[in-house]
Amino acid sequence: MSKLPPNYSVQTRTRASSISAIVALVLVVVAIALPAFASRSLIQDMFFILTMLVLAQFWNLLAGYGGLVSVGQQAFVGIGAYAMFGVVILLGFDPVASILIGGIAALVLAIPTAFFAFRLQGAYFAIGTWVIAEVVRLLVAQWKSVGGGTGTSLPRSATSDMWFTGTIETLFDVKSAAARDILAYWLAVVLAVATIAGIYWLLRTKRGLGLAAVRDNIEAAKSVGVDAVRMKWLVFLVSAFGTGLAGGLIYLQKARISPDAAFSLQDWTAYVIFIVVIGGIGTIEGPILGVLVFFILQSLLADYGSWYLMVLGLIGIAIMLFAPRGLWGLFSDRTGIELFPVRRRLTGGRLSATLPSSKEE
Amino acid sequence: MIWVDTILQGILLGGLYALFAAGLSLVFGIMRLVNLAHGDLIVLGAYLILLLVTLTGLSPFVAAAVAMPFMFALGYGLQKFMLNRVLGDDILPPLLVTFGLSVVLQNALLEGFSADSQRIQAGSLSTASIEIAGIGLGVMPLLTFGSALVVIIGLNQLFYRTSLGRAFRATSDDPTTASLMGIKPAGIFAKATGIAMIIVTIAALYLGMRSNFDPSIGPARLIYAFEAVIIGGLGSLWGTLAGGVIIGVAQTVGAAINPEWQILAGHVAFLVVLLLRPRGLFPRAVD
Amino acid sequence: MTALLETRGLTARYGDFQALFGVDLVLDEGETIAIIGSNGAGKTTLMRSIAGVLRNPVDGIRFEGRAIGDRPADEIMAMGIAMVPEGRKLFPSLSVEENLQIGAYGRQTGGYWSLETVYELFPVLKERRSNPGTALSGGQQQMVAIGRALMSNPRVLLCDEISLGLAPVIIKDIYKAVPRIRESGASMIVVEQDIGQAMAVADRVYCMMEGRITLTGRPGDLSREAIHDAYFGAQA
Ligand SMILES: Nc1ncnc2c1ncn2[C@@H]1O[C@H](COP(=O)(O)OP(=O)(O)OP(=O)(O)O)[C@@H](O)[C@H]1O
Ligand SMILES: [Mg+2]
């Protein structure tokens, strides 16, 4: 690395990002206070949005930054949820604490998954992860003590004396089911904030910058000393852990599980992919915008069933063909605004050398 | 004796999986594209044949022949107007576009034909069987396997005996230099996907005659096809048949032990091959 | 009379990098011209532009008076402009014979060149016809690349450094084919780093430096000094 002359300074912060930090802080405070004045159905909607956002951020970390297009994330949602149910039902753990077990279970599953799937390149990696998710689903369906193929519910005893729910019941004067929704919602707020902050931090570390190098060009990354294989493992394991936590949390709120639902390709991977693609892959803002668009589309079109999914698919295709960087990419190109700048930008001075691109035509 | 029977059934089932996989293998071999909607296109083909049979009373085999040009045109158009635009060094766009296509197709079929399962009626053929050395073999599975052989031999002839086949291989090697030979890579890709859709139609015929189908079963067919291709080794058509047979045998043997293990056994066989021979059983020398 | 092939003010760029700055070149029917210049002068870029691998402004290139600058490679080839690319670029999945056959894929007008006449020109290829193209020696591979381009019976044959990496004896062997190619009616543009070789085969020579034509003339009319200056830049 050559030293930069003193009149340059390397910045990763932009004016928009400073403003957005303040806005984000306000938003978090409002989000935490929300149950005091919002209806139960709004809380449930917010829970859905936040958990999908978490899944989308982790998928984006994998595909958008790591170049690992997984179609098997449902494996980690499912195993996280089932591990949570397993320790609650079989060992009598508290459900809230068990969410962590869900994340750990997903992390453990990710090790053999990566071992197999990393033997496959590109598109074959995608289907490989899907096969493994299918295998896990079929195996879990054989696990009789959590209901086998038909599934089971969280025992009443566990849900009624779950940590914090008693306090919430008295605090907001609500029934136990509503208290559970509020608790799940708060946990989702924490998870979403932690996810975004964590990924933002990861991408701004030296490692994270290496990640972008790996995505852009494995050979070049190697030549500057980024260990591409290590980075792939790191990203894959981190995403699995986060996805497993989300899985545990989602099914804590649902309180009922079955293999087909918990390992659903459509719910936990297809939707998530559309969220990221529509919002803008390879940015932190993209999934946030995407999940809002997704939620609005769903509210408008959900009554039309399969038409809704067709529209979603067509929008996804159109975005990929005509605006591959998604809605956020369109917006950001027009305005130059970046809320979560992860690229280092050189300011001051003048860049003298222009780099030839290898694109022909 | 029961085991011999089980394994034979599995081998014949492998013919069906090889039919699912041949189109995928062809397209991947020429343009390194994995079409995530492949399974849904097979299901679409089955509905098209069903529609023709119901509306015109044609025999399913004739109906499939009638469907072929339509499916060819569909594949050609899909490649030319959609997939060619996203081919390139970045694997993400083609994956995401075909994934979107898969969702669109599944839900369009759901809207058009409902979620009820359907079957292409093949009359007495579907129950006919012949006995060889004391083992009863279904005529339908035998026909399926025979068709898989014909498809693979036909594709090999196309690849190694015709001018179009040379152009396929040349474009696969190096599209830029191929264009110096007067080959239009975009056109070659469109033809290849068109041909893959003809094979998809044959696969659809047997899928629809042998078992019930509904709009949601495409992704599972894609997975079997994919496993067969990987087991065989990328780009090897005979390898793809071998891969199909391995999945088929694993499934029937698994099912014979415990009916719930049928699908699982196929996936496990795939993972075992991946573990022992990451490049498949018959990898291509140059890649 | 219009030239067979002509470039006028041809420019070419790779992204932000400009590789050609207004190249004017003329090839008449029946003529052989040579383009010389050091590494990076833009010779290959010029060949790739004419062959349609790189797209150019439509008026930059004319063939028989027609503006073809924006046409893609497969159309250019069908018009009768064939290229022997730098580095031979044989298809590894094709045998020697298949490599030759595919040369006529986009243009089957008939004419002097066919498998038989190409094998007559390079007899060694007939013995190796069923080997994979890439299993041959460098010189033999170059013969396949030339034969492959001839199979379309081109009006114009572009040869990009056919002597690259070959021993002098082999180069001589390969250049022996040039008179036969000219007799068959093809006009030729030969890119060469070997100045002597270029002077020997060409009716006219163009010298390139940094994306521009710096000198042109008949081999007999050009002095060593003039070529040296055009090649390496004039010493002030
Ligand atoms: N694909 C590409 N992308 C970017 N720049 C390129 C590309 N190809 C060539 N160049 C640049 O264009 C200029 C001309 O290159 P070109 O290959 O035409 O030279 P040349 O005269 O054929 O050289 P040589 O004798 O080494 O073959 C060089 O500076 C080269 O670096
Ligand atoms: Mg060159």
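For clarity, every value in this text was computed on a predicted model and none was experimentally measured.

Asker: How should the site of ligand 1 be read in this particular structure?
Answerer: Residues and elements named next belong to chain C. The environment of ligand 1 is formed by 14 residues, the closest being Gly40, Lys43, Thr44, Thr45 and Glu86. For ligand 1, an oxygen atom lies 2.7 Å from a polar atom in the side chain of lysine 43. One nitrogen or oxygen atom from the side chain of threonine 44 is found 2.6 Å from an oxygen atom belonging to ligand 1. Burial of ligand 1 by the surrounding chains reaches 71%, relative to a free accessible area of 630 Å². Among the elements that take part in the shell around ligand 1, helix H1 (residues 43–51) stands out by supplying three residues, more than any other. Of the residues belonging to the shell around ligand 1, the class tally is four nonpolar, seven polar and three charged.

Asker: How should I be thinking about the interface of chain B and chain C in this particular structure?
Answerer: Reports often express the size of an interface as the amount of accessible area lost when the parts come together. Taken residue by residue, the interface counts 20 residues in chain B and 21 residues in chain C. If you sort the residues of chain B by the area they bury against chain C, Arg166(B), Leu180(B) and Met181(B) come out on top, with a joint share of 37%. Where chain B touches chain C, the interface holds two salt bridges. Across the contact surface, chain B and chain C share seven residue pairs in polar contact (both at pLDDT 80 or more). Elements represented by at least two residues in the side of chain B that touches chain C include exactly helix H6 (163–173), helix H7 (175–180) and helix H8 (185–210) of chain B.

Asker: I'm lost on the sheet that holds strand S8 (residues 187–192) of chain C in this one. Help?
Answerer: Pairing between the strands of a sheet comes from backbone hydrogen bonds, and it takes one of two forms, parallel or antiparallel. Residues and elements named next belong to chain C. In spatial order, the strands read S6-S7-S8-S3-S9-S10; together these six strands make up an open sheet with mixed pairing. The sheet is open, and its two edges are formed by strand S6 (81–84) and strand S10 (212–217), each paired on a single side. Going from strand to strand, the sheet's axes swing by 20° on average, the running direction of each strand aside. As judged from the five bridges shared by strand S9 (residues 204–209) and S10, these two strands associate in the antiparallel manner. The partner of methionine 209 across the bridge, within S10, is arginine 212. Contacting S6 and strand S7 (156–160), helix H6 (residues 138–150) crosses the sheet at an angle of about 175° to S6. Sitting on the sheet, helix H10 (residues 224–232) touches strand S3 (32–36), S9 and S10, and the angle it makes with S9 is about 35°.

Asker: Sorry if this is basic, but what is going on with the sheet that holds strand S4 (residues 61–63) of chain C here?
Answerer: Residues and elements named next belong to chain C. A sheet is described by the order of its strands in space; here four strands give the open sequence S2-S1-S4-S5, paired in antiparallel fashion. The open sheet has two edge strands with one neighbour each: strand S2 (17–27) and strand S5 (66–67). Two strands pair when backbone bridges link them, and strand S1 (residues 5–14) and S4 are joined in this way by three bridges, in the antiparallel orientation. Looking across to S4, one finds that leucine 5 is bridged to phenylalanine 63. Lying over the sheet, H1 contacts S1, S2 and S4, oriented at roughly 110° with respect to S1.

Asker: Quick question: what am I supposed to make of the packing of aromatic side chains here?
Answerer: The way to describe two aromatic rings as a pair is by their centre distance and the angle between their planes. Under the defined criterion, the tally for this structure stands at 25 aromatic pairs over all chains. Pairing Tyr82(A) with Phe263(A) gives two aromatic rings, centres 6.1 Å apart and planes at 20°, and the pair type is stacked. Placement of the pair is Tyr82(A) in helix H3 (residues 74–91) and Phe263(A) in the loop between helix H12 (259–262) and helix H13 (265–279), with a sequence separation of 181 residues. Both residues of the pair, Tyr82(A) and Phe263(A), belong to the buried class. Through successive ring pairs, a cluster of aromatic residues spans Phe76(A), Phe118(A), Phe125(A), Trp233(A) and Phe236(A). Against the face of Phe118(A) rests Lys232(A), its NZ or CZ located 5.2 Å from the ring centre. Above the face of the Phe21(C) ring, Arg212(C) is positioned so that its terminal group lies 4.3 Å from the ring centre.

Asker: Looking at this structure, I do not really get the interface of chain B and chain A. What am I missing?
Answerer: Across the boundary between the two partners, chain B contributes 39 residues, which contact 38 residues of chain A. Summing both partners gives a buried area of about 3700 Å² for chain B against chain A, and 83% of it is carried by carbon and sulfur. Summed over the three residues of chain B that lose the most area to chain A, namely Leu96(B), Phe99(B) and Phe226(B), the buried surface amounts to 16% of that side. Our enumeration of links across chain B and chain A arrives at one salt bridge. The closest approach of N and O atoms between Glu260(B) and Lys144(A), which form a salt bridge, is 3.9 Å. Taken together, the connections running from chain B to chain A amount to six residue pairs in polar contact (both at pLDDT 80 or more). Taken together, the elements giving at least two residues each to the side of chain B that touches chain A come down to helix H3 (60–86), helix H4 (92–113), helix H9 (218–232) and helix H11 (262–276) of chain B. Along the lines of polarity and charge, the residues of the side of chain B that touches chain A split into 32 nonpolar, three polar and four charged.

Asker: Just to check I follow, could you spell out helix H16 (residues 326–335) of chain A for this structure?
Answerer: A turn of α-helix holds 3.6 residues, and therefore any two residues three or four places apart point the same way. All names here are of chain A. Among all positions in H16, only Gly326, Trp328, Gly329 and Ser332 are buried. Looking down the long axis of H16, one finds its buried residues gathered within 100° of arc, a one-sided arrangement. In this structure, the buried residues of H16 make contact with H13, helix H14 (285–301) and helix H15 (306–322). Backbone geometry just after H16 places glycine 336 at a positive phi near 75°.

Asker: Explain the environment of Ser152(C) here, please?
Answerer: Residues and elements named next belong to chain C. Looking at where serine 152 falls in the secondary structure, it is placed in the loop between H6 and S7. Residues serine 152 and alanine 202, spaced 50 residues apart in sequence, show a C-alpha to C-alpha distance of 23 Å. The residues contacting serine 152, other than those within four sequence positions of it, are Met77, Ala82, Gly103, Ala104, Arg107 and Thr109. For serine 152, the side chain forms a polar contact with the main-chain oxygen of alanine 149, separated by 3.1 Å.

Asker: Looking at this model, I keep getting lost on the coordination of the magnesium ion (ligand 2). Mind explaining?
Answerer: Residue and element names in this part refer to chain C. Bound to the magnesium ion (ligand 2) on the protein side are Thr44 (OG1) and Glu86 (OE), at distances that span 1.8 to 2.6 Å. Taken together, the residues threonine 44 in helix H1 and glutamate 86 in the loop between S6 and helix H3 (96–102) connect sequence positions 42 residues apart. What makes threonine 44 partly exposed here is its relative accessible area of 21%. A relative accessible area of 29% means that glutamate 86 is categorised as partly exposed.

Asker: What should I look at first to understand H1(C) in this one?
Answerer: Residue and element names in this part refer to chain C. Counting buried residues along H1, eight of its nine residues qualify, which places the element largely inside the surrounding structure. Where H1 is concerned, the buried positions are Lys43, Thr45, Leu46, Met47, Arg48, Ser49, Ile50 and Ala51. Where H1 terminates, the next one or two residues include glycine 52, which has phi positive at roughly 90°.

So, how was this worked out
Residues numbered from 1 in each chain as written. Chains lettered and ligands numbered in written order. Predicted model: local features only at pLDDT ≥ 70, side-chain atom pairs only at ≥ 80, totals over all residues. Heavy atoms only, no water. Near = heavy atom within 4 Å. Polar contact = N/O pair within 3.5 Å; in protein donor to acceptor, adjacent residues only side chain to side chain. Areas by Shrake-Rupley, 256 points an atom, 1.4 Å probe, with all protein chains shown as cover. Helix = DSSP H or I, 4+ residues; strand = E, 2+ residues; numbered from the N terminus. Nonpolar A, V, L, I, M, F, W, Y, C, P; charged D, E, K, R; others polar. Contact = heavy atoms within 4.5 Å. Buried area = accessible area lost by both parts, 1.4 Å probe. Salt bridge = Lys/Arg side-chain N within 4 Å of Asp/Glu carboxyl O. Pairing = 2+ DSSP bridges. Axes fitted to C-alpha atoms, helices over the stretch in contact; angles between N-to-C directions. Phe/Tyr/Trp six-rings, centres within 6.5 Å; stacked < 30°, edge-to-face > 60°. Buried < 20%, exposed > 50% of the residue type's maximum accessible area, 1.4 Å probe, protein only. Lys NZ or Arg CZ within 6 Å of the ring centre and 35° of its normal. Arc of directions from axis to C-beta. Donors = N, O, S within 2.8 Å, 3.2 Å for Na, K, Ca; no water.

That is the geometry; function is a separate question.
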